[in-house]
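Close look at the chain arrangement
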Amino acid sequence: MVKPALPFPAGKDAFSPEKDVQYWLKFAQVTAAAYGFIQQPAVMKRSAWDGEYDDGLGGHVSIRRAKDGKLRVNLNCTRVNENQGSDLAGQIPAEAVKSQNDEDTAAAVFIEADVPENAKEVSITLKRKGSFLWLETKRKASPPGSLSWFDGIYRWSPVPVE
C-alpha cells in the first residue's frame, strides 16, 4: 500500500498519520465514496441528454430535451448540512447544443431571480462524456448571501419511470 504524501511539518512534533485511527477511517471513507461515485450506471444512449445527474455531495441536475431540441435544465444544490443551498433553472437553445467525437457540450445564460440586478446572469456550461456531466457556472458579480455552488462532476442516472 502506498502512503499518501501529505504536507505535514517535519520534526519531533510532526503529526504522524500512520498512528492516527481517525486519519485512516476518513481516508477509507473518502476512498469508498470515490469508488461508489465512479461505478458506471447503466449505459446511456449516445444522443440522449435526458436524465438525473448527481454529484454525491448534495448537487443535483435534471435535464430533459424538448421536441424542438432545447434542453430544460434544473440545478439544485444543498451543501454543508443544508446550511447552503440554491436552485436555478433555464433552457439551453438547440443551436447551443454541440456534439464532437464522443463529447457533448451545451452552454447558455440563465437568469436567477431574487438577486441584485448585476448578479442575475449566470453562464452555464455543460460538458457530457460517457455517463458523466461536467458543470461550470460563471457570474459577473456574486450576490450577497450566495454561498452555494453547482460546479463539479455529476454522474448520470436514467429518468425515473412512474
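The structure displayed is predicted, hence computed values, not measured ones.

Sheet faces and side chains relate simply in a regular strand, where the side chains alternate between the two faces. Sheet analysis places strand S1 (residues 51-54) next to strand S2 (residues 59-65), joined by 4 bridges and oriented antiparallel. In the sheet register, Glu52 faces S2, and the bridge partner there is Ser62. Linking S1 back to S2 in an antiparallel pair, the connection comprises 4 residues, with Gly56 at a positive phi of about 80°. Here S1 runs beside strand S9 (residues 152-157); their pairing, made up of 3 bridges, is antiparallel. Bridged to Asp54 within S9 is Arg155.

Okay, the nonpolar core next. In this structure, Val61, Ile63, Val73, Ile92 and Leu126 are the most contacted members of the largest nonpolar core, which totals 22 residues. Among the elements of the structure, S2, strand S3 (71-79), strand S4 (84-92), strand S6 (103-111), strand S7 (121-129), strand S8 (132-139) and S9 are those that each provide at least two residues to this core. Element by element, the count of residues in this core is highest for S3, at 4 residues.

Below, the discussion takes up the confidence of the model for the chain. Overall, the prediction assigns the chain a mean pLDDT of 78, with 71% of residues at 70 or greater. Mean pLDDT across the secondary structure elements of the chain bottoms out at helix H1 (residues 21-38), with 71, and peaks at S2, with 93.

Okay, the environment of Ala94 next. Summarising the element assignment, Ala94 is placed in the loop between S4 and strand S5 (97-100). Residues within four places of Ala94 in sequence aside, it is in contact with Asp68, Gly69 and Lys70.

What follows is about the environment of Gly58. Tracing the chain through its elements places Gly58 in the loop between S1 and S2. When the C-alpha atoms of Gly58 and Cys77 are compared, they prove to be 5.4 Å apart, with 19 residues separating the residues in sequence. Setting aside residues no more than four positions away along its own chain, Gly58 makes contact with Asn76, Cys77, Thr78 and Arg79.

What counts and how
Residues numbered from 1 in each chain as written. Predicted model: local features only at pLDDT ≥ 70, side-chain atom pairs only at ≥ 80, totals over all residues. Heavy atoms only, no water. Pairing = 2+ DSSP bridges. Helix = DSSP H or I, 4+ residues; strand = E, 2+ residues; numbered from the N terminus. Core = buried A, V, L, I, M, F, W, Y, C linked by side-chain atoms within 4.5 Å. Buried < 20%, exposed > 50% of the residue type's maximum accessible area, 1.4 Å probe, protein only. pLDDT = per-residue confidence, 0-100. Contact = heavy atoms within 4.5 Å.

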